[in-house]
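Analysis of the macromolecular model
One letter stands for each residue in the lines below.
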Amino acid sequence: MTNRDHIDSGMTDAAIASVLRSRADSWNYSTAMENAAALASSGGSLSPESRMALGYYQDGKKAAAASGRDVSGPADSTGGDRITAAYKNLGGNA
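We now turn to the structure provided with this report. (Residues numbered from 1 in each chain as written. Predicted model: local features only at pLDDT ≥ 70, side-chain atom pairs only at ≥ 80, totals over all residues. Heavy atoms only, no water.)

Some details on the overall build of the protein
If you tally the helices and strands in the protein, you get 4 helices and 0 strands. For the protein, the succession of helices and strands along the chain, N to C, is α-α-α-α. The buried share of the protein, taken over its 94 residues, is 27%. Counting contacts in the protein only where the partners sit at least 6 residues apart, residues at least 24 apart contribute 49% of the total. On the protein, roughly 6200 Å² of surface is accessible, and the fraction owed to carbon and sulfur atoms is 55%. (Helix = DSSP H or I, 4+ residues; strand = E, 2+ residues; numbered from the N terminus. Buried < 20%, exposed > 50% of the residue type's maximum accessible area, 1.4 Å probe, protein only. Contact = heavy atoms within 4.5 Å. Areas by Shrake-Rupley, 256 points an atom, 1.4 Å probe, with all protein chains shown as cover.)

Thoughts on the nonpolar core
Listed in full, the 12 residues of the largest apolar core are Ala24, Trp27, Tyr29, Met33, Ala36, Ala37, Leu46, Leu54, Tyr57, Ala63, Ala64 and Val71. Of all the secondary-structure elements, those providing two or more residues to this core are α2 (31-41) and α3 (48-66). Here this core gets 4 residues from one element, more than from any other, and that element is α3. Beyond its immediate sequence surroundings of up to four residues, Leu54 is in contact with Met33, Ala36, Ala37, Ala40 and Leu46. (Core = buried A, V, L, I, M, F, W, Y, C linked by side-chain atoms within 4.5 Å.)

Some remarks on α2
Along α2, the residues that are buried comprise Met33, Glu34, Ala36 and Ala37. Take α2 and look down its axis: the buried residues cluster within an arc of 160°, on one side only. In α2, the exposed positions angled more than 90 degrees off the buried face are occupied by Ala32 and Asn35. Contacts made by the buried residues of α2 are with α3. The positive-phi residue at the C-terminal boundary of α2 is Gly43, with phi of around 95°. (Arc of directions from axis to C-beta.)

A word on the packing of aromatic side chains
What characterises a pair of aromatic rings is the spacing of the ring centres plus the angle enclosed by the ring planes. One pass over the structure, following the stated rule, counts 1 aromatic pair. Pairing Trp27 with Tyr57 gives two aromatic rings, centres 5.6 Å apart and planes at 45°, and the pair type is tilted. A residue pair is termed long-range when its members are at least 10 positions apart, and Trp27 in the loop between α1 (13-26) and α2 and Tyr57 in helix α3 qualify at 30 residues. You'll find Trp27 and Tyr57 in the same group, each marked buried. (Phe/Tyr/Trp six-rings, centres within 6.5 Å; stacked < 30°, edge-to-face > 60°.)

What about the pattern of salt bridges?
Evaluation of the coordinates by the stated rule reveals 2 salt bridges. One salt bridge connects Arg23 with Asp59, and the closest N-O pair in it is separated by 4.0 Å. Residue Arg23 is found in helix α1, and its partner Asp59 is found in helix α3; the two are separated by 36 residues along the sequence. You can call Asp59 partly exposed: its relative accessible area is 31%. Here Lys61 ties to Glu34 by a salt bridge, and the two come within 2.9 Å at their closest N and O atoms. Here the residue Lys61 occupies a position in helix α3, and Glu34 occupies one in helix α2, the gap between them amounting to 27 residues. (Salt bridge = Lys/Arg side-chain N within 4 Å of Asp/Glu carboxyl O.)

Here it is in C-alpha cells:
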C-alpha cells in the first residue's frame, strides 16, 4: 500500500475515483485469499498480517467488481485465457 492508496474524507471525487481505479486494476483473484475470507467469515482466527492482506484484497475485489470486472473466479481475472476475459470485461463497461 502506498499513500495514494489511502482514501480519506478530504479527497476530491476525482482523487477517490483514481484510487479505486488503481485498486481495481491491481486486483487479481487469489484462491488463498478467498479461503482466508471463508475462514474469517466462519469465525476462524487469522493472524494480524493475514487480516490486513485480506482487507486489501477485499477492497480491491470490491473496486474491480464496481468497475465491471467479473470477480467470481480465477479464469475471469488472471487464469487461462486472459484476452477473452479482458474482452468480456470490456463488454461490461460499455
